[in-house]
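Commentary on secondary and tertiary structure
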Amino acid sequence: MTILIILFLIFLGILLLLLEFAVIPGVTIAGIGGVLLLGASIYLAFDTYGVLFGIITTAFVIIVTPLLVLKFFKSRAGKKMVLDSEITGRVDEISGETIHIGDEGITIGRLAPTGKVRINQQTMEGKAITGFIDQEKPVRVIEVLKTQVIVEPIN
């Protein structure tokens, strides 16, 4: 009877760990409960059947639990839960050779405080140094950063 309880505790502990990894990630009650149930099964095996059965139970838990978790995530149901998308987007970097400090351009949209500007026939993201700059207003480049330019309005 105690063997069935030990096996049930192991099964329930593994089930709670799978629930932790798949459904509610993070350190939650399911993960803590799963580890506690696995620990309780090992303790019960040592206490009831002695050292040899306790070591066998410990080895079983240490070897089988990670294998079952890996097998679950490699299965079709597990693959649906894993994020495997790849980011293919890129950020356009501004070349320091084409845009220089002091170049003038025009705002395409309103800079509040960021928006699109056209400088030297290139459209890029611009950031207003002070406040907002309305659409179709002339601007001057103050600073060239990697992905945007800092501009000021020309009065």
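Residues numbered from 1 in each chain as written. Predicted model: local features only at pLDDT ≥ 70, side-chain atom pairs only at ≥ 80, totals over all residues. Heavy atoms only, no water.

1. Some points on the overall build of the protein chain
We count it as follows: Only DSSP runs of H or I covering at least 4 residues are called helices, and only runs of E covering at least 2 are called strands; the numbering of each starts at the N terminus. Note on method: radius of gyration uses C-alpha positions; expected globular size equals 2.2 Å times residues raised to 0.38. Throughout this description, buried means an accessible area under 20% of the type-specific maximum (1.4 Å probe, protein chains only), exposed means over 50%, and partly exposed covers the range between. The criterion used for residue contact is that any of the two residues' heavy atoms lie within 4.5 Å.
Along its length, the protein chain carries four helices and five strands. Walking the protein chain from its N terminus toward its C terminus, one meets helices and strands in the order α-α-α-α-β-β-β-β-β. For a compact globule of 155 residues, the expected C-alpha radius of gyration is about 15 Å, and the protein chain comes in at 31 Å, more than 25% above that figure. Each principal axis of the C-alpha distribution contributes one length, and for the protein chain these read about 90 × 30 × 25 Å. When each of the 155 residues of the protein chain is scored for burial, the buried share is 28%. Long-range pairs, those at least 24 residues apart, make up 45% of the contacts in the protein chain with a sequence separation of at least 6.

2. Observations concerning the pattern of salt bridges
Threshold: Here, a salt bridge means any side-chain nitrogen of Lys or Arg that lies within 4 Å of a carboxyl oxygen of Asp or Glu.
A complete count under the given rule lists three salt bridges for this structure. Linking arginine 140 and glutamate 104 is a salt bridge whose minimum nitrogen-to-oxygen distance equals 3.6 Å. Taken together, the residues arginine 140 in strand β4 (residues 138–144) and glutamate 104 in strand β1 (residues 104–107) connect sequence positions 36 residues apart. Classification of glutamate 104 as partly exposed rests on a relative accessible area of 47%. Among the salt bridges present, the one from arginine 140 reaches glutamate 152, with a minimum N-O distance of 3.4 Å.

3. A few points about the nonpolar core
Under the convention used in this document: Residues grouped as a nonpolar core are buried Ala, Val, Leu, Ile, Met, Phe, Trp, Tyr and Cys residues, joined through side-chain atoms within 4.5 Å.
With twelve residues, the main nonpolar core is built from Ile94, Ile99, Leu111, Val117, Ile119, Met124, Ala128, Ile133, Val139, Val141, Val149 and Val151. At the level of secondary structure, the elements contributing two or more residues to this core comprise β2 (114–119), β3 (122–128), β4 and β5 (148–153). With sequence-adjacent residues up to four places away left out, methionine 124 is seen in contact with Ile94, Ile99, Gly115, Lys116, Val117, Ile119 and Val149. By size, the runner-up hydrophobic cluster in this structure holds ten residues, among which are Ile10, Leu38, Val61 and Val69.

4. Looking at the layout of surface pockets
The following threshold applies: Note on definitions: the grid is 1 Å and covers protein atoms alone; a cavity is a set of points where a 1.4 Å probe fits but cannot get out; a pocket is an open set with protein on both sides within 12 Å along at least five of seven lines; lining residues have an atom within 4 Å of a point. Grid points are joined across faces, edges and corners, and a volume is the space filled by probe spheres set on the points. When residues are sorted by character, Ala, Val, Leu, Ile, Met, Phe, Trp, Tyr, Cys and Pro go into the nonpolar class, Asp, Glu, Lys and Arg into the charged class, and all the rest, Gly among them, into the polar class.
Reported here for the largest pocket is a volume of approximately 190 Å³. For the lining of the largest pocket, a count of residues per class yields two nonpolar, four polar and four charged.

5. Remarks on the side chain of glutamate 20
Heads up, the rule is: Only four residue types enter the tally: Lys and Arg on the positive side, Asp and Glu on the negative side; His and the chain ends are excluded.
Along the polypeptide, glutamate 20 turns up in helix α1 (residues 2–22). Lysine 74 provides the closest opposite charge to the buried, salt-bridge-free glutamate 20, at an N-O distance of 21 Å.

6. Comments concerning the sheet that holds β5
We count it as follows: Here, strands pair whenever DSSP counts at least two bridges between them. In this analysis, axes come from line fits to C-alpha atoms, helices being fitted only over the stretch in contact, and the angle between any two N-to-C directions falls in the range 0 to 180 degrees.
On the basis of which strands lie adjacent, the closed barrel formed by five strands has the order β1-β2-β3-β5-β4 and mixed pairing. Averaged over neighbouring strand pairs, the angle between their axes works out to 55 degrees when direction is ignored. As paired strands, β1 and β4 are joined by three bridges and run antiparallel to one another. The partner of isoleucine 106 across the bridge, within β4, is proline 138.

7. Some details on the pairing of β1
Relative to β2, β1 runs antiparallel, the two being bridged by three bridges. Considered in β2, the bridge of threonine 107 is made with valine 117. With antiparallel pairing between neighbouring strands as the criterion, β1 and β2 make up a hairpin whose turn holds six residues.

8. Things to note about unusual backbone geometry
Look at the link from alanine 112 to proline 113: it is a cis peptide, with omega at -15 degrees. Here proline 113 shows up in the loop between β1 and β2. With phi around 55 degrees, asparagine 120 is a residue other than glycine that occupies positive phi space. Within the element layout of this structure, asparagine 120 appears in the loop between β2 and β3. For glutamate 136, which is not glycine, the phi torsion reads 60 degrees and is therefore positive. Of note, glutamate 136 is situated in the loop between β3 and β4.

Geometry only, nothing functional implied.
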